[in-house]
Amino acid sequence: MLDKKVAELINKQVNREFYSGYLYLDFANYYNEVGLDGFAHYFDIQAQEERDHAMLMRTYLFNNGEKVTFTEIAKPDMECKEIEDALRYSLKHEQYVTSLINKIYKAASDVDDYRTMQCFDWFVKEQGEEEKSADDLLKKFELYGRDPKGLYALNQELLGRTYAAPTLTL
């Protein structure tokens, strides 16, 4: 059995990861509406990754004898008016998620829960990659995305992104 606080934090994070997936699908919807299918594809993959993170944490809770409770998923409240809005918001969101993962890790450390710490080592690393990916995309857009040819090239680049399922062993 996990420490009660650690289990509660992970359960909350399961729901937050599902929200993240929902948020990224909303961004994909926006990009589909404005005709940027590569950007939409990028966020469709982001949404899949977030759902996978939620499922990994859910499995971790089950594997440790914990109950999983789902909560209502809030409607994303970010309205995109400019192409870069979703890019800026996704970076801020990933930074927020990193703070939540760090909070879980700290709570596990505080009670000498090495198994959870070992599991969440993967999520800590993953969040570093998520933040870098969001930051890199925003920088690329800022460098050449306002030019129609540059935007087209960036959109084409994003169409080539492939999904890779996580390889975390629980």
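Rules and cut-offs
Residues numbered from 1 in each chain as written. Predicted model: local features only at pLDDT ≥ 70, side-chain atom pairs only at ≥ 80, totals over all residues. Heavy atoms only, no water. UniProt positions renumbered as here; feature names shortened; annotations may be inferred. Helix = DSSP H or I, 4+ residues; strand = E, 2+ residues; numbered from the N terminus. Expected span 1.5 Å × (residues − 1). Salt bridge = Lys/Arg side-chain N within 4 Å of Asp/Glu carboxyl O. Buried < 20%, exposed > 50% of the residue type's maximum accessible area, 1.4 Å probe, protein only.

Going by an unreviewed UniProt entry, the protein carries the name Ferritin and comes from Mogibacterium pumilum. Looking at the Catalytic activity (unreviewed entry) heading of the UniProt record, one finds this comment for the protein: "4 Fe(2+) + O2 + 6 H2O = 4 iron(III) oxide-hydroxide + 12 H(+)". The protein has a UniProt comment under Subcellular location (unreviewed entry) that states "Cytoplasm".

Thoughts on the UniProt feature "domain: Ferritin-like diiron" (unreviewed entry) in the protein
UniProt tags residues 1-145 as "domain: Ferritin-like diiron" (unreviewed entry). What you have in residues 1-145 is 79% helix and 0% strand, and the ends, taken at the C-alpha atoms, are 50 Å apart.

Considerations on helix α1 (residues 4-33)
Helix length check: α1 (30 residues) gives 44 Å between terminal C-alpha atoms against 44 Å at 1.5 Å per residue, within 8%. Backbone geometry just downstream of α1 places Gly35 in the positive-phi region, at approximately 85 degrees.

Details of the pattern of salt bridges
Taken as a whole and assessed by the stated rule, the structure comprises 8 salt bridges. A salt bridge links Arg146 to Glu84, with the nearest nitrogen and oxygen atoms 3.3 Å apart. Taken as a pair, Arg146 in the loop between α4 (114-145) and α5 (148-159) and Glu84 in the loop between α2 (37-63) and α3 (85-110) lie far apart in primary sequence, 62 residues in all. Notably, a salt bridge pairs Glu129 with Lys125, separated by 3.2 Å at the nearest N-O pair. With Glu129 and Lys125 both in helix α4 and 4 residues apart, the pair spans about one turn of that helix. Classification of Glu129 by relative accessible area gives partly exposed; the value is 41%.

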